[in-house]
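Inside the fold
Listed here are the chains, written in short residue letters.
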Amino acid sequence: MEPERECECRVLSIQSHVVRGYVGNKAATFPLQVLGFEVDTVNSVQFSNHTGYAHWKGQVLNSDELHELYEGLKLNKVNQYDYVLTGYTRDASFLAMVVDIVQELKQQNSNLVYVCDPVMGDKWNGEGSMYVPKDLLPVYRDKVVPVADIITPNQFEAELLTGRKIHTEEEALEVMDMLHAMGPETVVITSSDLQASLGNNYLIALGSHRKTKADGTKMTQRIRVESPKVDAVFVGTGDLFAAMLLAWTHKHPNNLKVACEKTVSAMQHVLQRTITSAKAVI
């Protein structure tokens, strides 16, 4: 097995912040720090709590405000990053500004890796729905995904980005190929309603890594990970997944299988520990 790479990496994480709870930057920052990453955070929104509550209040950062924050980093010459991680946002102009920032950072550092979790919606009881404004979809599809290196959509988001429905694993592979063609070398569909070989109590995550070899030929690695379903409702799991995938693909850059296994393992341990702690409080 390949040795794990030592990390001296700085991540710019642009996603949500909540006062109460753990989603967005509050779900991603600490786990990355534990694994040795320096994390600078920009809060795309600042809400009282996540939007699954009956009520939520707060502010949404717009493109001008994001630009002002980034200009401050530039003026002090502290805008050097190895990774950019993005998640939940609610403003299309903000998302377009993220693309401008990523492109500028890639000009400074050609090795920078952009990990994008295209947070738009999910499926409940088989029906998909968006929980962000619909005008974000064309920005993700036409501007964000083409500059991303790693994307982590769920099944519904992958279907939105490609306009293709997924009913079988073969169709999921075709959708991942379509996403590769849009730009990203690595695509991981973090959750799906496909039938797991281990039974109905398991979830399937599918991954695909496409690499161009020195002679110009393309090589694709496919992976499939089944993990036990947890009988509870969580928020922030996608945010944690994207952060852990960033960390483990850094440590295992040529082995998506190991990176995904370690990501899913971390997820399982966090969820089980969360349930244990919750039961102790009830």
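Residues numbered from 1 in each chain as written. Predicted model: local features only at pLDDT ≥ 70, side-chain atom pairs only at ≥ 80, totals over all residues. Heavy atoms only, no water.

This structure, assessed with the given rule, holds 13 salt bridges. Residue Lys123 pairs with Asp193 through a salt bridge whose shortest N-O separation is 3.6 Å. Taken together, the residues span a long stretch of sequence, with Lys123 in strand S6 (residues 121-124) and Asp193 in the loop between strand S9 (186-189) and strand S10 (202-212) at a distance of 70 residues. On the basis of relative accessibility, which here comes to 23%, the residue Lys123 falls in the partly exposed class. For Arg210, the salt bridge goes to Asp177, with nearest N and O atoms at 2.9 Å. In this pair, Arg210 sits in strand S10 while Asp177 sits in helix H6 (residues 169-182), placing the two residues 33 residues apart along the sequence. Looking at Arg210, the relative accessible area reads 23%, which means it is partly exposed. Among the charged side chains, a network of salt bridges with common partners joins Glu71, Lys74 and Glu104. (Salt bridge = Lys/Arg side-chain N within 4 Å of Asp/Glu carboxyl O. Helix = DSSP H or I, 4+ residues; strand = E, 2+ residues; numbered from the N terminus. Buried < 20%, exposed > 50% of the residue type's maximum accessible area, 1.4 Å probe, protein only.)

To continue, consider the packing of aromatic side chains. Working definition: an aromatic ring pair is given by the centre-to-centre distance plus the angle between the planes. Evaluated as defined, the whole model comprises two aromatic pairs. With a centroid separation of 6.3 Å and 80° between ring planes, the pair formed by Phe37 and Tyr83 is classed as edge-to-face. With Phe37 in the loop between helix H1 (25-34) and strand S2 (38-47) and Tyr83 in strand S4 (residues 83-86), this residue pair connects regions lying 46 residues apart in the sequence. The pair Phe37 / Tyr83 is uniform in exposure class, with both members buried. Seen from their ring centres, Phe47 and Trp56 are 4.7 Å apart, and the 40° between their planes marks the pair as tilted. The exposure class of Trp56 is partly exposed, given its relative accessible area of 33%. The ring of Tyr22 is capped by Lys26, whose NZ or CZ atom sits 5.0 Å from the centre of that ring. (Phe/Tyr/Trp six-rings, centres within 6.5 Å; stacked < 30°, edge-to-face > 60°. Lys NZ or Arg CZ within 6 Å of the ring centre and 35° of its normal.)

Read from one edge of the open sheet, nine strands run S3-S2-S1-S4-S5-S8-S9-S10-S11, paired in mixed fashion. Two strands in the sheet have a free side with no partner beyond their single neighbour: strand S3 (58-60) and strand S11 (218-228). With four bridges connecting them, S9 and S10 associate as antiparallel partners. For Val188, the partnering residue across the bridge sits in S10 and is Gly207. (Pairing = 2+ DSSP bridges.)

Formed by 50 residues in total, the largest nonpolar core has its most connected members in Leu12, Leu66, Leu105, Tyr114, Tyr140 and Val144. If you tally residues by element for this core, the top one is helix H3 (residues 92-108), at nine residues. Membership of the second largest hydrophobic core comes to 28 residues, among which are Val113, Ala243, Ala259 and Val264. (Core = buried A, V, L, I, M, F, W, Y, C linked by side-chain atoms within 4.5 Å.)

The next point concerns the environment of Asp64. With respect to the helices and strands, Asp64 occurs in helix H2 (residues 63-75). Accessibility expressed as a relative area gives 58% for Asp64, which makes it exposed. C-alpha separation for the pair Asp64 and Phe94, spaced 30 residues apart in sequence, amounts to 7.8 Å.

All right, on to helix H8 (residues 256-281) then. Taking 1.5 Å of rise per residue, 26 residues should cover 38 Å, and H8 covers 37 Å from first to last C-alpha, within 8% of that figure. Among all positions in H8, only Leu256, Val258, Ala259, Cys260, Thr263, Val264, Met267, Gln268, Leu271 and Ile275 are buried. Looking at the buried side of H8, the elements it contacts are S9, S10, S11 and helix H7 (237-251). (Expected span 1.5 Å × (residues − 1). Contact = heavy atoms within 4.5 Å.)

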